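Descriptive analysis of the structure
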Amino acid sequence: MLVPRIISAVIMALLFICAVFILEESSFVLAMGGVVIVAAWEWARLAGVHKAYGRLGFALVVAVCCYLLESFNWPRLSLYISPLLWLLALFWVIRYPDQLVWRHVAVRLLFGALVLLTTWSALVVLKQSDNFVVWVLVLMGLIWGADTGAYFAGRAFGRRKLARFVSPGKSWEGVFGGLLMTQCGIGLFAVMSHFTLNEWLILTLVALVTSSVSVLGDLTESLFKRHEGLKDSSKLIPGHGGVMDRVDSLTAAAPIFVLFLILVGWL
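As the structure is a prediction and not an experimental result, all values here were calculated from the model.

1. Some details on the overall build of the protein chain
Broken down by element type, the protein chain carries 10 helices and 2 strands. If you list the helices and strands of the protein chain from N to C, you get α-α-α-α-α-α-α-β-β-α-α-α. Taken over C-alpha atoms, the radius of gyration comes to 18 Å for the protein chain, in line with the 18 Å a tight globule of 267 residues would show. When its C-alpha atoms are laid out on the principal axes, the protein chain stretches across 55 × 50 × 40 Å. Here the contacts in the protein chain between residues at least 6 apart in sequence split such that 74% fall between residues at least 24 apart. Taken as two groups, the 20 positive and 15 negative side-chain charges of the protein chain have centres that lie 12 Å from each other.

2. Some thoughts on helix α7 (residues 132-157)
Given 3.6 residues to a turn, an α-helix orients residues that are three or four positions apart in the same direction. Its 26 residues place the ends of α7 36 Å apart at the C-alpha level, agreeing with the 38 Å of an ideal helix rising 1.5 Å per residue. Along α7, the residues that are buried comprise Phe132, Trp135, Val136, Val138, Leu139, Met140, Leu142, Ile143, Gly145, Ala146, Gly149 and Ala153.

3. Some details on the confidence of the model for the protein chain
Averaged over every residue, the pLDDT of the protein chain is 93; the share at 70 or more is 99%. Element-level pLDDT for the protein chain is lowest in helix α1 (residues 2-21), with a mean of 87, against a maximum mean of 97 in helix α6 (residues 105-127).

4. Quick word on the side chain of Ser249
Of note, Ser249 is situated in helix α10 (residues 243-263). The class of Ser249 is buried, set by a relative accessible area of 13%. Setting aside residues up to four positions removed in sequence, Ser249 forms contacts with Ile143, Ser214 and Asp218.

5. Things to note about the packing of aromatic side chains
All chains considered together, the criterion is met by 17 aromatic pairs. The interplanar angle of 70° and the centroid separation of 5.6 Å between the aromatic rings of Phe189 and Phe195 together place this pair among those described as edge-to-face. Relative to Trp266, the ring of Phe195 has its centre 6.0 Å away and its plane inclined at 65°; by these criteria the two rings are edge-to-face. Here Phe195, found in the loop between α8 (172-192) and α9 (197-228), pairs with Trp266, found in the segment after α10; they are 71 residues apart in sequence, far enough to count as distant. The partly exposed category is assigned to Phe195, whose relative accessible area is 21%.

6. With respect to the nonpolar core
Grouped together as the largest cluster of nonpolar side chains are 77 residues, with contacts concentrated most on Trp43, Trp86, Phe111 and Phe257. Top contributing element to this core by residue count: α10, with 13 residues. If sequence neighbours within four positions are ignored, Trp86 has contacts with Phe111, Val115, Val213, Leu216, Gly217, Thr220, Thr251, Ala252 and Ile256.

Definitions and limits used
Residues numbered from 1 in each chain as written. Predicted model: local features only at pLDDT ≥ 70, side-chain atom pairs only at ≥ 80, totals over all residues. Heavy atoms only, no water. Helix = DSSP H or I, 4+ residues; strand = E, 2+ residues; numbered from the N terminus. Rg over C-alpha atoms; globule rule 2.2 N^0.38 Å. Contact = heavy atoms within 4.5 Å. Lys, Arg positive; Asp, Glu negative; His and termini not counted. Charge placed at Lys NZ, Arg CZ, Asp CG, Glu CD. Expected span 1.5 Å × (residues − 1). Buried < 20%, exposed > 50% of the residue type's maximum accessible area, 1.4 Å probe, protein only. pLDDT = per-residue confidence, 0-100. Phe/Tyr/Trp six-rings, centres within 6.5 Å; stacked < 30°, edge-to-face > 60°. Core = buried A, V, L, I, M, F, W, Y, C linked by side-chain atoms within 4.5 Å.

Quick look at the structure:
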């Protein structure tokens, strides 16, 4: 699977570059809506919906909700539910496999719809910013940095399991390694951007929370996949699984990151 994996990675990188640097706002909103709709189709599978028409129906509901959010200009407002969603997800991960509420299909569908809608809203709000390119690159840098740092630190020093029953391969050492890597990157970004000390401290806090929540996004999808006995959310992307497997960290990190930027007055 190495060659298909590399080809898929190159294509995804090109699509990301196109979306960030080329697409205008309306095209970007539609493109991100398309990604969210595909992710919704996959999420229905994670939620326990086994019929194709059921998954399609869920994807259509999410699409309609995206349209309504945009029509009523509610993307920014919707972000305020994100902390509650991820606190709930944290509770589920900590209590797994004892917590039973999330096992109901309806609960997982509702949770997934809210997660995907807030992710889409975060990207829409970010696109409206004059500093969109900078902030989206910072966001992706935090996600990729946390993931890369966790991988290498976990391989080298990993001993204590982060969530043994949810994702046995992750360790606390890996998490700390990822957080350290993101903080080094944020420090460099702050210096290059001539941030004041107060701005640096604020950005450090934003980065710390965003990176931590990105790990939770990964763990939450792993929880649902483990419950359903699935390795990947789908086989849509050769060598990479499904769209949800690529954006699980983003679904948690993006809404929290953008909400922080709003609250501190940077958006």
